[in-house]
Amino acid sequence: SQEPYKQCWGLPGGVLRIDLDESLESTARRVAHERMKLELGRIDQVVAIGGANRDPRAPWAMTVVYRCFVGEDFIPETGKRVDEFQWLTLAEISRASSKGLIAFDHDDLISQAVAGLRSDVQAMRFSASWFAEPFTVPELQSFCESVLGEPLDKVTFRRRLDVHQVLIPLSGQMRTGPFRPAQLYVLSE
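Quick notes on the rules
- Residues numbered from 1 in each chain as written.
- Predicted model: local features only at pLDDT ≥ 70, side-chain atom pairs only at ≥ 80, totals over all residues.
- Heavy atoms only, no water.
- Helix = DSSP H or I, 4+ residues; strand = E, 2+ residues; numbered from the N terminus.
- Buried < 20%, exposed > 50% of the residue type's maximum accessible area, 1.4 Å probe, protein only.
- Contact = heavy atoms within 4.5 Å.
- Areas by Shrake-Rupley, 256 points an atom, 1.4 Å probe, with all protein chains shown as cover.
- Lys, Arg positive; Asp, Glu negative; His and termini not counted.
- Charge placed at Lys NZ, Arg CZ, Asp CG, Glu CD.
- Salt bridge = Lys/Arg side-chain N within 4 Å of Asp/Glu carboxyl O.
- Polar contact = N/O pair within 3.5 Å; in protein donor to acceptor, adjacent residues only side chain to side chain.
- Axes fitted to C-alpha atoms, helices over the stretch in contact; angles between N-to-C directions.
- Parallel < 35°, antiparallel > 145°, perpendicular 65-115°, else oblique.
- Left-handed = near helix turned anticlockwise from the far one by under 90°.
- Nonpolar A, V, L, I, M, F, W, Y, C, P; charged D, E, K, R; others polar.
- Pairing = 2+ DSSP bridges.
- Expected span 1.5 Å × (residues − 1).
- Arc of directions from axis to C-beta.
- Core = buried A, V, L, I, M, F, W, Y, C linked by side-chain atoms within 4.5 Å.

**Student:** Kindly report on the overall build of the protein, identifying the contributing residues and their values.
**Tutor:** Scanning the protein for helices and strands turns up five helices and four strands. For the protein, the N- to C-terminal ordering of α and β elements is α-β-β-α-α-α-α-β-β. Dimensions along the principal axes, computed over C-alpha positions, put the protein at roughly 60 × 40 × 30 Å. Of all 189 residues assigned to the protein, the portion counted as buried reaches 32%. Once local pairs closer than 6 in sequence are excluded, the contacts in the protein between residues at least 24 apart make up 50%. Carbon and sulfur atoms form 53% of the exposed surface of the protein, whose accessible area is close to 12300 Å². Of the charged side chains in the protein, 22 are positive and 26 negative, and the gap between their average positions amounts to 2 Å.

Given below as structure tokens:
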């Protein structure tokens, strides 16, 4: 981060430019490209928050947070006003926050984003932008377990998928490997 949080971790951010941006989403896309050299896929707005005392440089500040899934192999490049990037786990963010090493209120914004994602997963609301299609049920379960941070019962998970009518099987399409073939699916709309 820049001053006043120079030695702290922060989310990459920027300001809305009325001469460049047609919408909040286009601002997020432009800023992601400028800060990380990242062309965003589908993005979802997480929260919009504003108020006094959020940024010591201004009497009032507003932030609109978006989330976007990137591949595990994505390595951000430093762009404008970015010194360094590092992926942090939630535990690492929590430790850094307890030491005052997270800029502004970004730890709260991250917590809100994680809580919203976990809520979506628990409610069986998935987006095709979250993982590659087609996929197997065990792959989807593994994704859900990583988001929720806990193991899920296989039978209960499959039952919930059926109840919520989340999946469409791809007729005759299987993924083969060292074990028995697994049915491939896509998400229902």
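Continuing now.
**Student:** So what about the side chain of Asp-107? Which residues, and what values?
**Tutor:** For Asp-107, the location among the structural elements is in helix H3 (residues 106–122). Of the side chains with opposite charge, Arg-54 lies nearest to the buried Asp-107, which makes no salt bridge, at 9.3 Å. A polar contact is formed between the side chain of Asp-107 and the side chain of Ser-97, at a distance of 2.4 Å. When near neighbours in sequence (up to four residues on either side) are disregarded, Asp-107 contacts Ser-97 and Ile-102.

**Student:** Tell me what's going on with the packing of helix H2 (residues 90–98) against H3, and back it up with residues and numbers.
**Tutor:** Across the interface, H2 lies against H3 with an axial gap of 11 Å and an inter-helix angle of 150 degrees. Classified by the angle between their axes, H2 and H3 sit roughly antiparallel to one another. For the crossing formed where H2 meets H3, the hand is left-handed. Where H2 approaches H3, its residues Leu-90, Ile-93 and Ser-97 are matched on the opposing element by Asp-107, Ile-110, Val-114 and Arg-118. Looking at the contact of H2 with H3 residue by residue, the class counts come to four nonpolar, one polar and two charged.

**Student:** Quick rundown of the pattern of salt bridges? Include the residues and the values.
**Tutor:** Enumeration over the complete set of coordinates arrives at 14 salt bridges. Among the salt bridges present, the one from Lys-80 reaches Glu-34, with a minimum N-O distance of 4.0 Å. Here the residue Lys-80 occupies a position in the loop between strand E2 (61–67) and H2, and Glu-34 occupies one in helix H1 (residues 24–36), the gap between them amounting to 46 residues. For Arg-175, the salt bridge is made with Glu-139, and the minimal N-O distance between the two is 2.5 Å. Pair noted here: Arg-175 is in strand E3 (residues 167–175) and Glu-139 is in helix H4 (residues 137–148), with a separation of 36 residues, a long-range link. Exposure remark for Arg-175: the relative accessible area of 31% places this residue in the partly exposed category.

**Student:** Which residues make up the pairing of E3, and what are the values?
**Tutor:** Bridge count for E3 against strand E4 (residues 182–187) is five bridges, and the pairing is antiparallel. Bridging from a neighbouring strand, Arg-175 pairs with Ala-182 of E4. Linking E3 to E4, which pair antiparallel, is a turn of six residues.

**Student:** Give a description of H3 that names residues and reports values.
**Tutor:** Taking 1.5 Å of rise per residue, the 17 residues of H3 would be expected to cover 24 Å, and the 24 Å separating its terminal C-alpha atoms lies within 8% of that figure. Residues His-106, Asp-107, Leu-109, Ile-110, Ala-113, Val-114, Leu-117, Asp-120 and Val-121 constitute the buried set of H3. Down the axis of H3, the buried set is contained in an arc of 160 degrees. They therefore lie on one face. Close packing links the buried residues of H3 with strand E1 (44–51), E2, H2 and H4. Directly after H3, the chain includes Met-124, whose backbone phi takes a positive value near 60 degrees.

**Student:** So what about the nonpolar core? Which residues, and what values?
**Tutor:** For soluble globular proteins, the rule of thumb is that nonpolar side chains tend to be buried together. Residues Val-121, Phe-126, Phe-131, Leu-140, Leu-161 and Leu-167 are the most contacted members of the largest nonpolar core, which totals 19 residues. Those elements that place two or more of their residues in this core are H3, H4, helix H5 (154–164) and E4. Considering each element in turn, this core owes the most residues, six residues, to H4. Ignoring sequence-local partners within four residues, the contact set of Leu-167 consists of Phe-135, Val-137, Leu-140, Leu-161, Tyr-185, Val-186, Leu-187 and Ser-188. The next biggest cluster of nonpolar side chains, apart from the first, holds seven residues, and it includes Ala-28, Ala-32, Leu-40 and Ile-43.

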